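Chains, contacts and geometry: an overview
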Amino acid sequence: MRARLVLDAVWLHRSTPGRALRFRNGRKYLDGLFPERHDDRVVGTAGVPYVGRVHHRAAVAAAFAEPGHIVLICGEAGVGKSSLVAAARADAVAEVLEGSCLQLAGQPLPLAALEQIFFSRGGWPETADGAEQQSAEQRLRAIRLWADALAPVGSQTLTTVVIDDLHWADETTCDFLVYLAATAARRRLSLVLTLRNDETPKVGRVQQAVGELARLPGAVNVELQRLDRQECAELVRALTGATDVDVDTWYERSQGNPYLLGELVKDPGARRVKDVLLSRVYSLGPDAAQLVRLAAVFGLWVADAQLHAASVLPPDRYTAAVHEAIDVGVFVNEGADYAFRHSLMCEAVLSQLLPIERRMLHERAARAMAEDPADDMVTAVAVSVHWEAAGVPDQAAAWSLRAARKARDRNAYAEAWGHYQRALQFGRSSGDASQDLDLALEAAGAARLAGDPAAAVEVLEKALQDRTVPAEQRAIALERLGCFLWEAGQTGRSQAAYAEAAETLGPEVTSCHAQVWGAMGRAAFIMAEFDAAIRLSERAVAAARQHGTPAVLADALTTRGAAGALIGDTTALDVLREGVRLARDVHDGAVLCRSYANLMVVYEFTGRPAEACAAALEGLALLPEYGLELAVGAALACNAVNLLRRRGYYERCEAVLAELLDGHVIQGQGLHLHLERAELLLAMGRPAAARASLEAAAALRDVDEPAVVAAIASAEAQLLAQEGDPEGCYRTVDEALRRLAGTQDRHFRTELAGIGLRNEADRSGPVPGRADPAAAARINRLAAAIDDREPDPDGDVTLAADHRTARNELGRLRGTADADDWAAAVRLWRAADRPREEAYCLLRQAECHATARHRDKAAAAAAEARAIADRLGAAPVLAEIDAFVARTRLPAVPAPSPRAVPEDRPFGLTEREFEVLALLGTGATNRQIARKLFISERTVGVHVSRVLHKLQVTNRAQAAAVAAKVAR
């Protein structure tokens, strides 16, 4: 037997039966989600074979039989997208959940498809704990909660989710579908999505989501074309029962569109497309025609009770009109609802309405829906849209505010912000400054969480123009304004807002003081004003312990600990660790991400590379499964990748960055990841790809934060050097040093000075001491950025290594650097666990040995440098080493055995701890170990304690016994 025809030509209406939302007894639910038949006849039309599209049907059918499929079905209206789904679904073995994205008066109805699906399951999932704290993190939790409610990870049930009309989707629905698709295989789930490609989506996120979905594993893009002449003939024969068909006539009139072809079969006399679509409507009497026009303003479907209330027809005439519309095939009866047979027919009816008719009909629809509204977001949005179309702005504003709050409660922040905008646009001031500011804070918070901090700033600044707002409320609003300004990249205005907030506070310390001082301390820390950060965060800590929330306290402790550690406060690390512990306890993901992001940096800059790497790996595990919506989550990812790159884990970094960046639209703080990728690509010797990554982060060039200024300048300068533009490299470094002047930072300035001096040494050639006046000025400018005092390697080995290397580059320019100087840099970089820098300094050490005619030493240093660079995949360093060896014709000396990689060392020991254990096995004292490894006795003591802990032994003698077995 041939398959049953389920083309739009004989299908009841655009949205498959059972998708309309029902309202009974004040409750909303979905009726008949799984209709028993998919071949309902229209005006006597019998079921006929499905025409063509065999390959497409197979692709769609797979989604109803196996998990992990994502099928995107695109095509113009009426081309048969829903029909294809219905035909493929006929033999489904999966549980099928269906929903349709809806629009009203040209505006998407947010979460409409998801409401249909969840109400078929008894309602939305229970809100996760902490939902009252609106945040991007809570939105991610909500999306995961919704996905788990539909199909939990590890589910034994095969599920297929069908979403129609994705072109009318909202941002939150798109985000949810992308997340669901990305985790589909783990949930034993497939997705089938339909959308028009002849209509531009109202929401830009739809096109982004389609691109992201299409790039996922298991994704198939099915683009439906119109029927060809042969297929048109086959369909006409099936619909009419005729054997002799004038193919050319039918094809020319329908152009192969299946829906139009089916309508032409019903009314062969229709001559225009509009006439084809409205042929059934033209046959209606006055009451039925008026009822159809009214139904069209409700959208594709309308509840019987609402249509009756809005129609003002007496029951008998209303009933007769409905029967007439159903009998001629304009309406389809679905329980308590009526639906248009196809969206094209609904659109055609709307196109015939005069402006005054639209206003009158929308007002009747608004009043009917508002009489007994369901308590959901879709209804609130619909009533608001009707009042707006009716020209009643006050009512539109009230219902928009209701919709905004419903959307916010669902963590649909983009949709909430859109409706807050409508509420502010249509509404009037309440006359109460405090009440107006509260509404502005609500709206601004939604704008910020929707990713538009600049809009949040505009809303709050307008509300704050009213000077009658109470002082404490004004201070809270100014603190929020400072936060939004910072996220919008306006650091100067942000700090001014924080300062005004502090001035507005009263003398009695409150929780508001803790929040404002904490924000000011955080801002000072980011700007590398560490003394101010410490002072302000200490005040915030004291206020938060007495009045604030645990999250505010954890954040303030993080600032105090990180700022103190970076200026050498030996007790600050314990403060930071307290902040991390508290952030874990309060389950505040934003604060926890920030705490970890700072913890790994502090470990790195206080000579604890192993702990920094461990914190980086732990931090990556904290990242949300979905995207980088948390700004601090992006900072955490950047710091973690940065530290892993420094350790030489290039492949791991490449994989992490690919997972976070590829196939995603990255904005805001997530752009920093492009900088990290640029640095990684430069280390691997891929300048063209690094240039593309740097351009992807171009929006960060105007940011004033010292860390951002330094990161961009470092990547840009190294790239220009690799591209053979030494003058551009110097200008980049010089500009960054000027922007960093006046901050308390030493790390960034020293590192940049080292890059600049290396650039000058490389461009001067092999003979030092012949600098022209311009070169001398450049060198003196760069040398001035290096502190005269030598940093303590026990306090900050990374700064000490950068400082030593920069001084050596200056010595290379002046002809004063020798092998011992570079050997000292090698030891420091080795202590910092920075293998690429270690290999580079070994190369310079080899050059000095070669100049001194110590060829064996030069060969040994070059061989060790080459072994490290080759293991890392550091192509630029490797190329320099090979060029040096070829130029000096050094003898081939076997490279020393590479040090064991962490995975090969027992008990999880770091490289340095393994070295300490080996020396413990010889009976060496702490002082002897310190001299051997060029570190302090205090640092040795720390390493010994960690070794004893990891070996689960209590004294040095037991550790020595273990060393005899494993550290040979």
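As the structure is a prediction and not an experimental result, all values here were calculated from the model.

1. Observations concerning the overall build of the protein
On a plain count of helices and strands, the protein comes out with 45 helices and 12 strands. Long-range contacts, defined as pairs at least 24 residues apart, comprise 69% of the intrachain contacts of the protein with a sequence gap of at least 6. With the model as given, the accessible surface of the protein reaches about 40,200 Å², and the carbon-plus-sulfur share is 51%.

2. A short note on the sheet that holds strand β11 (residues 331–334)
Sheet architecture is open: 3 strands sit in the order β10-β12-β11, paired in antiparallel fashion. At either end of the open sheet lies a strand with only one pairing partner, and these are β10 (301–303) and β11. Mean inter-strand twist for the sheet, computed between neighbouring axes without regard to direction, equals 25°. As judged from the 4 bridges shared by β11 and strand β12 (residues 337–340), these two strands associate in the antiparallel manner. Note that in β12 the partner of E334 across the bridge is D337. Its contacts with the sheet put helix α12 (residues 304–311) on β10, β11 and β12, and the angle it makes with β10 is roughly 80°.

3. What about unusual backbone geometry?
At L111, a position not held by glycine, the phi torsion is positive, near 60°. Within the secondary structure, L111 sits in the loop between β6 (107–109) and α3 (112–120). Judged by its relative accessible area of 0%, L111 is buried. The phi dihedral of A528 falls on the positive side, at around 60°, and the residue is not glycine. Counting through the fold element by element, A528 comes out in the loop between α23 (511–526) and α24 (530–546).

4. As for helix α35 (residues 747–764)
Across its 18 residues, α35 extends 26 Å between first and last C-alpha, which sits within 8% of the 26 Å expected from 1.5 Å per residue. Among all positions in α35, only H747, R749, T750, L752, A753, G754, I755, G756, L757, N759, E760 and A761 are buried. Of the surrounding secondary structure, the elements contacted by the buried residues of α35 are α27 (589–605), α33 (706–722), α34 (726–740), α36 (773–783) and α37 (797–814).

5. Topic: the packing of helix α25 (residues 550–566) against helix α26 (residues 572–586)
A pair of packed helices is captured by two measures, namely the crossing angle of their axes and the spacing between those axes. Relative orientation of the contacting elements α25 and α26 amounts to 155°, with a least axis distance of 7 Å. In terms of orientation, α25 lies roughly antiparallel with respect to α26. Remark: the crossing between α25 and α26 carries left-handed chirality. Here P550, A551, L553, A554, L557, T558, R560, G561, A562, G564 and A565 of α25 lie close against α26, whose contacting residues are A572, V575, L576, E578, G579, L582, A583 and V586. The residue makeup of the contact of α25 with α26, split by class, is 13 nonpolar, 4 polar and 2 charged.

6. Observations regarding the environment of E529
For E529, the location among the structural elements is in the loop between α23 and α24. With a relative accessible area of 35%, E529 lands in the partly exposed category. Considering only alpha carbons, one finds E529 and A563, 34 residues apart in sequence, at a separation of 8.5 Å. Among residues more than four places away in sequence, those in contact with E529 are Q495, A524 and Q744.

7. As for the sheet that holds strand β8 (residues 189–196)
Across the sheet, which stays open at both edges, the 5 strands sit in the order β4-β7-β8-β3-β9 with parallel pairing between neighbours. At either end of the open sheet lies a strand with only one pairing partner, and these are β4 (95–100) and β9 (219–223). Taking the axes of each pair of neighbouring strands and ignoring which way they run, one obtains an average angle of 15° across the sheet. Here β4 pairs with strand β7 (residues 159–164) via 6 bridges, running parallel.

8. Section: the pattern of salt bridges
This model, assessed by the stated rule, comprises 53 salt bridges. For the salt bridge of R205 with D175, the shortest nitrogen-to-oxygen distance reads 2.6 Å. Taken together, the residues span a long stretch of sequence, with R205 in helix α6 (residues 205–214) and D175 in helix α5 (residues 171–182) at a distance of 30 residues. Note that D704 and R739 form a salt bridge whose closest N and O atoms lie 3.4 Å from each other. Placement of the pair is D704 in the loop between α32 (687–696) and α33 and R739 in helix α34, with a sequence separation of 35 residues.

9. Concerning the packing of α23 against α25
Contact geometry for α23 and α25: axes closest at 10 Å, N-to-C directions at 30°. When the axis of α23 is compared with that of α25, the two are roughly parallel. Once α23 is placed against α25, the crossing between them reads as left-handed. The segment α23 lies against α25, with A514, Q515, G521, R522 and F525 engaging V552, D555, T559, A562, A563 and L566.

10. Details of the pairing of β12
With burial as the criterion, each face of β12 is covered, one bearing D337 and A339 and the other bearing Y338 and F340. Here β10 pairs with β12 via 3 bridges, running antiparallel. The residue bridging V302 from the neighbouring strand is Y338, located in β12. Between β11 and β12, which pair antiparallel in sequence order, lie 2 residues; one of them, G335, sits at a positive phi of approximately 65°.

11. A look at the nonpolar core
Membership of the largest hydrophobic core comes to 233 residues, with the highest contact counts inside it found for F176, L191, F298, L307, F331 and F340. Once residues lying within four places of it in the same chain are set aside, the contact partners of L307 are L291, L294, A295, F298, V302, Y318, F331 and Y338. Counting residues in each nonpolar core, the second largest holds 24 residues, with A717, L782, A783 and L810 among its members.

12. Some points on a nonpolar patch on the surface
On the surface, a cluster of nonpolar side chains totalling about 300 Å² of accessible area is made up of L354, I356 and M360. Here L354 is to be found in the loop between α14 (343–351) and α15 (355–371). With relative accessibility at 51%, the residue L354 sits in the exposed group.

13. Concerning the environment of H672
Relative to the elements of secondary structure, H672 occurs in helix α31 (residues 672–683). Overall, H672 belongs to the buried group, its relative accessible area being 14%. H672 sits 27 residues away from A699 along the chain, and the two C-alpha atoms are 9.9 Å apart. The contacts of H672, once residues within four sequence positions are left out, are C638, L700 and V708.

14. Details of the packing of aromatic side chains
This model, assessed by the stated rule, comprises 7 aromatic pairs. Ring centres 4.8 Å apart and planes at 40° place the aromatic pair F118 and W124 in the tilted group. Relative accessible area serves as the criterion here: at 2%, F118 is assigned to the buried category. We classify W124 as buried; its relative accessible area is 11%. A centroid spacing of 5.9 Å and a plane angle of 65° characterise the contact between W146 and F176, whose relative ring orientation is edge-to-face.

15. Re α34
Over its 15 residues, α34 runs 21 Å from end to end, which matches the ideal 21 Å to within 8%, given 1.5 Å per residue. Within the sequence span of α34, burial applies to G728, C729, Y730, T732, V733, D734, A736, L737 and L740. Residues of α34 that are buried make contact with α33, α35 and α36. Trailing α34 by a residue or two, G742 shows a phi angle of about 95°, which is positive.

16. Some points on the environment of A963
For A963, the position within the fold is in helix α45 (residues 956–966). Taking the relative accessible area as the measure of exposure, A963 reaches 3% and is therefore buried. Considered as a pair, A963 and V916 are 47 residues apart in the sequence and their alpha carbons are 9.6 Å apart.

17. Details of the confidence of the model for the protein
Taken over all residues, the pLDDT of the protein has a mean of 82, while the share at 70 or more is 87%. Across residues 128–132, confidence stays below pLDDT 50; counting only partners more than four residues off in sequence or on other chains, it has 6 contacts. Within the model, the stretch residues 625–630 combines pLDDT values under 50 with 24 contacts to residues more than four positions away or in other chains.

The rules we used
Residues numbered from 1 in each chain as written. Predicted model: local features only at pLDDT ≥ 70, side-chain atom pairs only at ≥ 80, totals over all residues. Heavy atoms only, no water. Helix = DSSP H or I, 4+ residues; strand = E, 2+ residues; numbered from the N terminus. Contact = heavy atoms within 4.5 Å. Areas by Shrake-Rupley, 256 points an atom, 1.4 Å probe, with all protein chains shown as cover. Pairing = 2+ DSSP bridges. Axes fitted to C-alpha atoms, helices over the stretch in contact; angles between N-to-C directions. Buried < 20%, exposed > 50% of the residue type's maximum accessible area, 1.4 Å probe, protein only. Expected span 1.5 Å × (residues − 1). Parallel < 35°, antiparallel > 145°, perpendicular 65-115°, else oblique. Left-handed = near helix turned anticlockwise from the far one by under 90°. Nonpolar A, V, L, I, M, F, W, Y, C, P; charged D, E, K, R; others polar. Salt bridge = Lys/Arg side-chain N within 4 Å of Asp/Glu carboxyl O. Core = buried A, V, L, I, M, F, W, Y, C linked by side-chain atoms within 4.5 Å. Patch = residues over 30% accessible without salt bridge, like charges linked within 9 Å, V, L, I, M, F, W, Y side chains within 5 Å. Phe/Tyr/Trp six-rings, centres within 6.5 Å; stacked < 30°, edge-to-face > 60°. pLDDT = per-residue confidence, 0-100.

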